[in-house]
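These are the residues of each chain, in order.
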Amino acid sequence: MPRSIDRRKLILGGTAASLLAGCDNRASAWFLKAMERWNEHFQAALFSPHRLAPELPPGTETPLRDFPQYYISDDLPEAPDDWTLKVGGIVRRPQVLTLDELKKMPRTAMRIQHHCVEGWSAVAAWAGVRVSDIAHLAGLDPRARYVEFRSFDSGYWSSWDLPSAFHPQTILAYEMDGMPLPPGHGAPLRLYSAVKLGYKMVKYLTEVNFLPNRTGGYWEDQGYEWFAGV
Amino acid sequence: MPALEIEPLDAPPSEAGPDRRTRREQPLPIRLTHWFNVPLLVLMAASGLQIFYAYPELGPRGALYRWYPLQGVQPPSWIRFGGWLAGARHWHFALAWFLMLNGAVYLAYFFWSGEWRRRLFLPKRDAANALRMFAYYTHIARTPQPDDFYNGLQRLAYTIVIIVGIVMVLSGLAIYKPVQLHWLTMLFGGYDGARVVHFAGLCILAMFVATHLVLVAAHPRDIIKMITGGGRAALDRPS
């Protein structure tokens, strides 16, 4: 009896060791892919459209010089003079919106903590238009399940699940800390949200496309998590 | 695996009949979960340090904690796993489930089987013994305390490590989901507090493992026991 237990233990141990050590690249890639799918389900199940990130009191903002600026272009991306936001995909009324038109829409403001994939946090106050209001304006097709955000920052982009995009704290922001959005932080318009990691929040926006199918993103296509909720 | 009666260690030797079933010193579920822990903990620590490498600071941007002396010190490459931040995150969030599962199996068996009675640190029973054992290790006392199964210091260490393990899971979840699990994150003093706790937990676990390895090297028979299970008689008659 003890012998058979020992043999079973050896087999179990060996399987676990080869699985965990990831000696075989294909096996470990398959394993990580399967676990990422599992984690996506876990994150989506944990997500509540009604749970809000806590609003922080005035004065808690990170000094602007300490809030990292980030873009993938070699130089600071500059908005064209005739900048507009295109809202398209499967919508009944595709839109082309100027910044003034966006500012006339219902304004949502929030002062919340930012979570970067690298592990740092920072605080800023943001103001802008809810993505759900944009969808309403454009007449969302009920087949839409995802939304894609594109930019003039060398093609930086990302795609989201609709529930996260329609969270009350997901906005297209034109203000940061009470000022017009600074060029280093995505001027004139960026995506900002309480419920995603920083790399999901596309800056220097040009397009919002509502889609029936899931697409990827700049970092997502290189291997970062697609869901990336917080 | 049938549930076995374990008597309190201070009880007189059992009067049970000759067919009374006994349990090995290190029962199979404890041995299995112990050895599964080895690769899992190593890979979790190494992928965690690869994640930490991306921002080897404690505290929020613009307000780093002054008390942390190693701000910006990056963990060296030999101690990291996952290749880059994205890879390390995939490994960390994948293996975390298996480590939690392993811990849950261990704890379920630990309490269901009654093993906790001879392993958990119970202050009334173990505090004095732990103190005298500490005196022995620090050369204040010359002879070690006699122990029943484990001495007080061992029980204290193994109990602390169980608690740290639970804190690691909770602080890890608090960092992973600071908005969805906001109440949990607040319990650790916020997102950056949870990072401190998670990192401190890693340091405590590393110190435990280092001590464990030194002591086990000094008592190689305990390694054999953790493989074979050891004798069966020790349960009822503490030596």
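Just above sits the structure.
In this report, we go over the structure that sits alongside the text.

1. Here's the deal with the overall build of chain A
Each helix and strand counted, chain A has 5 helices and 10 strands in total. Burial statistics for chain A: of 230 residues in total, 36% are counted as buried. For chain A, restricting intrachain contacts to residue pairs at least 6 apart in sequence, the fraction spanning at least 24 positions comes to 72%.

2. Quick word on helix α7 (residues 191-218) of chain B
For α7 of chain B, built from 28 residues, the straight-helix expectation of 40 Å at 1.5 Å per residue is met to within 8% by its first-to-last C-alpha distance of 41 Å. Of all the positions in α7 of chain B, only Tyr-191, Asp-192, Ala-194, Arg-195, Val-197, His-198 and Gly-201 of chain B are classed as buried. The elements touched by buried residues of α7 of chain B are β3 (108-115) and β4 (121-130) of chain A together with α5 (152-176) and α6 (182-187) of chain B.

3. Things to note about the packing of helix α2 (residues 25-46) of chain A against helix α2 (residues 85-112) of chain B
Following both chains from N to C, one finds α2 of chain A and α2 of chain B inclined at 70°, their axes separated by 9 Å at the closest point. As far as their axial angle goes, α2 of chain B and α2 of chain A are roughly perpendicular. Packed against α2 of chain A, whose contacting residues are Phe-31, Leu-32, Met-35, Glu-36 and Asn-39 of chain A, the element α2 of chain B presents His-90, Trp-91, Phe-93 and Ala-94 of chain B at the interface. Taken together, the residues of the contact of α2 of chain A with α2 of chain B sort by class into 6 nonpolar, 2 polar and 1 charged.

4. Observations concerning the nonpolar core
Among the nonpolar cores identified, the biggest contains 45 residues, and Ile-134, Leu-172, Ala-173 and Leu-205 of chain A are the most heavily contacted of them. Beyond its immediate chain neighbours, meaning those up to four positions away, Ala-173 of chain A contacts Trp-126, Ala-127, Gly-128, Leu-181, Arg-190 and Tyr-192 of chain A. If you look at the next biggest cluster of nonpolar residues, it comprises 21 residues, including Tyr-224 of chain A together with Phe-36, Leu-40 and Leu-95 of chain B.

5. Brief notes about the pairing of strand β6 (residues 157-161) of chain A
Residues and elements named next belong to chain A. When you tally the buried positions in β6, you get 4 out of 5 residues, the bulk of the element. Direction of pairing for strand β5 (residues 146-151) relative to β6: antiparallel, over a ladder of 5 bridges. Counterpart to Val-147 in the pairing with β6 is Trp-160. Hairpin connection, β5 to β6: the antiparallel pair is bridged by 5 residues, and Ser-154 has positive phi, about 45°.

The rules behind these values
- Residues numbered from 1 in each chain as written.
- Chains lettered and ligands numbered in written order.
- Predicted model: local features only at pLDDT ≥ 70, side-chain atom pairs only at ≥ 80, totals over all residues.
- Helix = DSSP H or I, 4+ residues; strand = E, 2+ residues; numbered from the N terminus.
- Buried ≥ 20, exposed ≤ 12 C-beta atoms within 10 Å, placed from the backbone.
- Contact = placed C-beta atoms within 7 Å.
- Expected span 1.5 Å × (residues − 1).
- Axes fitted to C-alpha atoms, helices over the stretch in contact; angles between N-to-C directions.
- Parallel < 35°, antiparallel > 145°, perpendicular 65-115°, else oblique.
- Nonpolar A, V, L, I, M, F, W, Y, C, P; charged D, E, K, R; others polar.
- Core = buried A, V, L, I, M, F, W, Y, C linked by C-beta atoms within 7 Å.
- Pairing = 2+ DSSP bridges.

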